[in-house]
Amino acid sequence: MDLPNPEGQGRLIAQVIDKGLCVRCGACVGLCPYFNYFDGKVVVMDLCPAGSFRCLQVCPRAGYHETSPIGGETSNGIGVCSEILMARSTDEAVRKSSQYGGVVSALLIYALEKEMISSAVLTDAGDPFAPKGRMVNRRSEVLDCAGSRYSASGSLSALNRAIKKGHSRLGVVGLPCQMAALARMRLMQPDGKERSQAVSLKIGLFCTWAIDYPRLKAYLDRQKVESPVLKSDIPPPPSEIFRVKTQGGWRDFPLSDIRPMVQKGCSLCEDMTAEESDISVGTAEGREGWNTVITRTDTGSQLLKRLIVEGWLETDDLPGGSLDHLKEAARNKRDRARQAEIDRSTENE
Amino acid sequence: MNSISEKTGGRELLLQGNEAIARGALEGGVKFCAGYPGNPSSEIIETLIQASHDLPLYVEWSVNEKVALEAAAAASFAGCRALASMKQNGVNVVSDFLTNLALSGTKGGLVLVTCDDPGGISSTNEEDARLFARLAQIPLLEPATPQEALEMTRWAFELSEIIANIVLLRSVSRLSHTRSNVRTGEIPENETKPVFDTSTPFHTFPVVVKDRARYDKLKRAVKLYESSLFNCYQGPDRPEVLIISSGCAWNYAAEAVEILGLGERAGVLKLGTTWPLPKSVLEKHLGSCDRILFVEEIDSFLEDNVKSLGADLNKDIGPKEYMGRASGHIPLCGELSPSVILHILGKLFNISWKDIGYQSKIQELTKDILPPREFGFCPGCPHRGSYYAIKTALTWDERNGFVSGDIGCYSLGLFPTGFSQVKSVHAMGSGLGIASGYGKLDTFGFDQPVITVVGDSTFFHAGLTGLINATFNQSDILLLILDNSATAMTGFQPHPGSGATAMGEPTVPVDIEGICRALGAHVEVGDPYDMENTAQTIYRLMQQTGPRVLVMRRKCALVQGRQGGFPYRMRVNPDLCVGEACGCGRYCTRVFRCPGLVWDKGAGKAKIDEVICVGCGICADICPQEAIEREKNP
């Protein structure tokens, strides 16, 4: 018996883990005992002999699928797009807990209260360890999880756990890599289709890159930043800072210190706006306290419409030039990723 | 009353070698007995504990071997006969005291029993403790049979008193654990009142004077040896080959000579008093034959010493051919057996001989029945949970950390049953000392985290000093005390933390957490059965610095079994078990490996072996499909 199976886990380890390309989305974690997410790391617990290999099929960094499951190459850089607008929650408490305009929290609280979803898989602060996935059912729990983590935090492991426990009608919030993993999950054999059916709402977050948590933690320790970190932020350009809020208030660090900690796997990611979601949410350029929102599916459009109609969200058009900037940034990310992939394959030769 | 403590003698009892040693001690008038458990020696003290219920006798399990001999020496200094018993590794622990005691001398007969373990069957080495007799220059006796074990032990006390020095008696595993009929002698009335004569202190000064006295004592011993019946010869007057043998190995030599029909051609000289050598006995026999074969367990102790004597006698006895370990006739390593000796003698005498030994018989009988078995923790063993948690934490940590191991059941952490987490095992308490060293290597860039594990009994035995060293030298040490509330590996002997003495007296258990806190360590307590939370605790502690102690507390499963057992009846739900498929890959039987879980090849599912499973329930927490179910016992 070859351990690990060279066609299964062995391939994932060789292609992704050993190359340092894992982005800690957590999609492979919780399907089996062989992968585990803890304190910002996805680790191989044991070697697996199994001949089928969902881990490889679901991994957004593995070249298992010849093309993206969605396959939607779009020239605009931001993917399939029904509506695009600016929005913020009308609930001040929600806005206060949130990173920007509280749209994600508002969408989730609404979907939960109107029983469109039964639970949501989010990312909590994970204190005393790194942020991690968590299944929540109530408004207060949603607000607990509000705020950007700048890491994928393995939160899809919480989705796998929830599905194992028999939960369905789940909402999932995640980074572009995690939305891609959900798309791959649908094609995963033998049970990907059933698992996908447990997910009713996919809320994607804009992401330029995510930070390798253990390295960030070590950096913050060196800088004598007390735990727990309550909030972190990268204000839009040209500020070039990384801000961290603890009990003692905000502290700023040069973004140039943080950039080397970007996960290696992020350099190959072509997707900035979570193109494989129902609805994507990010920061709004030039309007503090607001979000940019893109709907991509009927599920996403209808949900957004209902929140607007029922007064949960106030909206506005994107300021002039903002959409072009967004598209340009997204295209730049895609171009950088393609160049990185070319560089990488040349290196391998 | 236990038959071992029957005062009248003349009875035939079926006794194990170690029981015979204990009976010999009783017949020798022993009053004070101390030891530290360790296979193959443990039954000596166990037997004496039984006898202590009937006889005026004090018996203790000491905290370690050195203290055992020191305590026994006190009894000797006060005029009582005393015994200390241990395995070969224990004599190393004793050695510093022993080499000094040998200079100060003793008063009441004092006997140190070592049970050596040829082949390291249940030991970390196959050390020959006889070398300590020469190192300390004290008399050495080697019984060959249980009968002789009794008689020699009895006489050892007398010898010790005659020469006023400690006597070493050496057994080996096969003698200690064999059973045979033994004829007993009388147990004397023992009304000795211990008194320390303050006009006769015991110390080593002046050293040279004491040293000279020690050699004089040895000379007196040799004189007694030369007429001792423990040395005997069987064979022709002028044998073609003279076999010189001692202890248990003599049985193999005698048996081989008999099987090969060499009674008229080979002679066997059995030596029972092996240090110093009985010179005149050897002189006589060496003169009778030019080819000498040494048959003895472990080291070339007799071989080297007889050769040395042979060189001294060269003028009178002429040159000899010496055959043994140095010449390659006897294997350098491993335990001897009749088969090994048959093989050697067969070659020497050119006799074609077919191996009819046990080894080949066993192989013949079991070749299709018994699969090879690896070391394994018992079902329900808390160490399995501890190592699972350790493995999880080390894997999470990703800094290539490892475990510095120690001596106990948990040494099996070297093997798959402990997920092969342990990367070094040496002597009692060494795991801590070694870890305290790793903890200082960071100065030079060492960045691998090290976890050291030690059992509760081993911690008391020799672990404390390592921890003190770590706290004193501010070494980053993470110590996991695997407290299963027993000296489990050697048979559940009580220890300072268990709340009762060897003789059953209740005591206040030594507070492990309290000790560690007093030494300045950060202390937490974890449950080996709660693997997930314990892994998180270990991980968290790994991220901290300074001396940290996590006491992993769960009773040994065998103790728990005797005290009412476990709460669960386990079953595998075959509808949920996915066996070899993606999502499991036979995780429970392939990785977790509790013997209570078995793989049903036909069904392609795991199942519980109900005979073996004790119902601890922790496997339910590792099954990825939640197919292993706990049912509360009614």
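Residues numbered from 1 in each chain as written. Chains lettered and ligands numbered in written order. Predicted model: local features only at pLDDT ≥ 70, side-chain atom pairs only at ≥ 80, totals over all residues.

## Quick notes on the overall build of chain B
Right, so step 1: From N to C terminus, chain B includes 21 helices and 24 strands.
Right, so step 2: The C-alpha radius of gyration computed for chain B amounts to 27 Å, which stays within 12% of the reference 26 Å derived for 634 residues, consistent with globular compactness.
Right, so step 3: Counting only C-alpha atoms, chain B reaches 80 × 65 × 60 Å along its principal axes.
Right, so step 4: For chain B, buried positions account for 53% of its 634 residues.
Right, so step 5: Excluding contacts between residues fewer than 6 apart, the proportion of contacts in chain B whose partners are at least 24 apart in sequence is 80%. (Helix = DSSP H or I, 4+ residues; strand = E, 2+ residues; numbered from the N terminus. Rg over C-alpha atoms; globule rule 2.2 N^0.38 Å. Buried ≥ 20, exposed ≤ 12 C-beta atoms within 10 Å, placed from the backbone. Contact = placed C-beta atoms within 7 Å.)

## Quick notes on the overall build of chain A
Right, so step 1: For chain A, the helix and strand inventory stands at twelve helices and 13 strands.
Right, so step 2: For 349 residues, the compact-globule estimate of 2.2 N^0.38 gives 20 Å, and chain A sits close to it at 19 Å.
Right, so step 3: When the backbone C-alpha atoms are referred to their principal axes, chain A occupies close to 60 × 45 × 40 Å.
Right, so step 4: Residues classed as buried in chain A amount to 50% of the 349 residues present.
Right, so step 5: Contacts in chain A between residues at least 24 apart in sequence constitute 68% of all its contacts with a sequence separation of at least 6.

## Some words on the environment of Gln560(B)
Residues and elements named next belong to chain B.
Right, so step 1: If you trace the backbone, Gln560 turns up in helix H20 (residues 557–562).
Right, so step 2: Exposure remark for Gln560: the 19 C-beta atoms within 10 Å place this residue in the partly exposed category.
Right, so step 3: Distance in space between the C-alpha atoms of Gln560 and Cys616 is 9.7 Å, their sequence separation being 56 residues.

## Focus: the packing of helix H1 (residues 17–27) of chain B against helix H2 (residues 42–52) of chain B
Residues and elements named next belong to chain B.
Right, so step 1: Interaxial distance between H1 and H2 falls to 8 Å at its minimum, and their mutual angle equals 50°. Here H1 is positioned oblique relative to H2, judged by the angle of their axes. Note on packing geometry: the crossing formed by H1 with H2 is right-handed. The residues of H2 that touch H1, namely those facing Asn18, Glu19, Ile21, Ala22, Ala25 and Leu26, are Glu43, Ile44, Thr47, Leu48 and Ala51.
Right, so step 2: The class makeup of the residues in the contact of H1 with H2 is seven nonpolar, two polar and two charged. (Axes fitted to C-alpha atoms, helices over the stretch in contact; angles between N-to-C directions. Parallel < 35°, antiparallel > 145°, perpendicular 65-115°, else oblique. Left-handed = near helix turned anticlockwise from the far one by under 90°. Nonpolar A, V, L, I, M, F, W, Y, C, P; charged D, E, K, R; others polar.)

## Some words on the domain arrangement of chain A
Residues and elements named next belong to chain A.
Right, so step 1: Structurally, chain A comprises domain 1 (9–66) and domain 2 (83–211 + 262–339).
Right, so step 2: Summarising the inter-unit geometry, the C-alpha centres of domain 1 and domain 2 are found 23 Å apart.
Right, so step 3: Listed by contribution, the elements that provide at least two residues to the side of domain 1 that touches domain 2 are strand E1 (35–38) and helix H2 (54–58).
Right, so step 4: Per-element tally for the side of domain 1 that touches domain 2: the top contributor is H2, with three residues. (Domains from an automatic or database assignment.)

## Brief notes about the sheet that holds strand E5 (residues 132–136) of chain A
Hydrogen bonds along the backbone pair up the strands of a sheet, which may run parallel or antiparallel.
Residue and element names in this part refer to chain A.
Right, so step 1: Strand order in this open sheet of eight strands is E5-E4-E6-E7-E11-E12-E3-E13, and the pairing throughout is mixed. Where the open sheet ends on each side, the last strands, each with one partner, are E5 and strand E13 (313–316). Between one strand axis and the next, the sheet turns through 30° on average, direction left out of account.
Right, so step 2: Relative to strand E11 (residues 279–283), strand E7 (residues 199–205) is paired through three bridges, and the arrangement is parallel. (Pairing = 2+ DSSP bridges.)

## A closer look at the sheet that holds strand E18 (residues 478–483) of chain B
Residue and element names in this part refer to chain B.
Right, so step 1: Within the open sheet, the six strands sit side by side as E16-E15-E17-E18-E20-E19. Their pairing is parallel. The open sheet is flanked by strand E16 (422–424) and strand E19 (522–526), the only strands paired with a single partner. The mean angle between the axes of side-by-side strands here comes to 30°, regardless of whether they run parallel or antiparallel.
Right, so step 2: Bridging between E18 and strand E20 (residues 548–553) involves six bridges; their strand directions are parallel. Residue Ile481 lies in a different strand from E20, and its bridge partner there is Val551.
Right, so step 3: Each of strand E15 (402–404), strand E17 (450–455), E18 and E20 touches helix H15 (residues 382–397); the most contacted strand, E18, lies at about 160° to it.

## What about the interface of chain B and chain A?
It is common to report an interface's size as the accessible area lost on association of the parts.
Right, so step 1: The interface is formed by 15 residues belonging to chain B together with 17 residues belonging to chain A.
Right, so step 2: Looking at the side of chain B that touches chain A, the elements that each hand over two or more residues are H15, helix H19 (531–542) and helix H21 (587–592) of chain B.
Right, so step 3: Tallied by class, the residues present in the side of chain B that touches chain A amount to nine nonpolar, three polar and three charged.

## Brief notes about the nonpolar core
Right, so step 1: Counting 179 residues, the largest nonpolar core has Leu107(A) and Ala120(A) as the members making the most contacts within it.
Right, so step 2: For this core, the leading source of residues is helix H4 (residues 103–113) of chain A, giving nine residues.
Right, so step 3: Other than its neighbours up to four places away in sequence, Ala120(A) contacts Leu108(A), Leu112(A), Val136(A), Val142(A), Leu170(A), Gly171(A) and Val173(A).
Right, so step 4: In this structure, Cys33(B), Leu110(B), Cys115(B) and Ile330(B) belong to the second largest nonpolar core, which totals 110 residues. (Core = buried A, V, L, I, M, F, W, Y, C linked by C-beta atoms within 7 Å.)

## Some thoughts on the domain arrangement of chain B
Residue and element names in this part refer to chain B.
Right, so step 1: Taken domain by domain, chain B comprises domain 1 (3–226), domain 2 (232–362), domain 3 (382–562) and domain 4 (568–632).
Right, so step 2: A C-alpha centroid distance of 28 Å is found between domain 3 and domain 4.
Right, so step 3: Contact residues are listed per partner, giving nine residues for domain 3 and six residues for domain 4.
Right, so step 4: For the side of domain 3 that touches domain 4, the elements supplying multiple residues, two or more each, are H15, H19 and H20.

## A short note on unusual backbone geometry
Right, so step 1: Look at the link from Asp127(A) to Pro128(A): it is a cis peptide, with omega at 10°.
Right, so step 2: Tracing the backbone through its elements, the reader meets Pro128(A) in the loop between strand E4 (119–124) and E5.
Right, so step 3: A cis amide bond, omega -5°, links Ser227(A) with the succeeding residue Pro228(A).
Right, so step 4: One non-glycine residue, Tyr150(A), lies in the positive phi region at around 55°.
Right, so step 5: The phi dihedral of Ile298(B) falls on the positive side, at around 80°, and the residue is not glycine.
Right, so step 6: Considering the arrangement of structural elements, one finds Ile298(B) in the loop between strand E13 (291–295) and helix H11 (301–312).
Right, so step 7: The buried category is assigned to Ile298(B), around which 28 C-beta atoms lie within 10 Å.

## A word on H1(B)
Residues and elements named next belong to chain B.
Right, so step 1: Within H1, eleven of the eleven residues are buried, which leaves the element mostly enclosed by the surrounding structure.
Right, so step 2: Every buried residue of H1 is accounted for by Gly17, Asn18, Glu19, Ala20, Ile21, Ala22, Arg23, Gly24, Ala25, Leu26 and Glu27.
Right, so step 3: Directly beyond the C-terminal end of H1, a positive phi value near 80° is found at Gly29.

## Notes on helix H8 (residues 207–226) of chain B
Right, so step 1: With 20 residues, H8(B) should reach 28 Å at 1.5 Å per residue; the first-to-last C-alpha distance of 29 Å fits that figure.
Right, so step 2: Buried residues in H8(B) make contact with helix H4 (88–104), helix H6 (146–163) and strand E12 (273–275) of chain B. (Expected span 1.5 Å × (residues − 1).)

## Section: the pairing of E7(A)
Each regular strand carries side chains that alternate between the two faces of the sheet.
Residues and elements named next belong to chain A.
Right, so step 1: Along E7, six of the seven residues are buried, which leaves the element largely enclosed by surrounding structure.
Right, so step 2: For strand E6 (residues 170–174) and E7, the ladder comprises five bridges, and the chain directions are parallel. Paired with Val172 across the bridge in E7 is Lys202.

## Some words on the pairing of E11(A)
Residue and element names in this part refer to chain A.
Right, so step 1: Most of E11 is tucked away: five of the five residues are buried.
Right, so step 2: Pairing analysis gives five bridges linking E11 to strand E12 (residues 291–295), with the strands arranged antiparallel. In the sheet register, Gly282 faces E12, and the bridge partner there is Thr292.

## Quick notes on the confidence of the model for chain B
Right, so step 1: In this model, chain B carries an average pLDDT of 96, and 99% of its residues clear a pLDDT of 70 or more.
Right, so step 2: The complex prediction reports pTM at 0.94, with the ipTM value standing at 0.93. (pLDDT = per-residue confidence, 0-100.)

## Side note on the environment of Ala84(B)
Residue and element names in this part refer to chain B.
Right, so step 1: Among the secondary structure elements, Ala84 is positioned in strand E4 (residues 82–87).
Right, so step 2: On the basis of neighbour counts, which here come to 33 C-beta atoms within 10 Å, the residue Ala84 falls in the buried class.
Right, so step 3: In the structure, Ala84 is positioned 30 residues away from Thr114 in sequence and 8.6 Å away in space, judged by C-alpha atoms.
Right, so step 4: If near-sequence neighbours (up to four positions away) are discounted, Ala84 is found in contact with Ala34, Gly35, Ala68, Leu69, Ala72 and Leu112.

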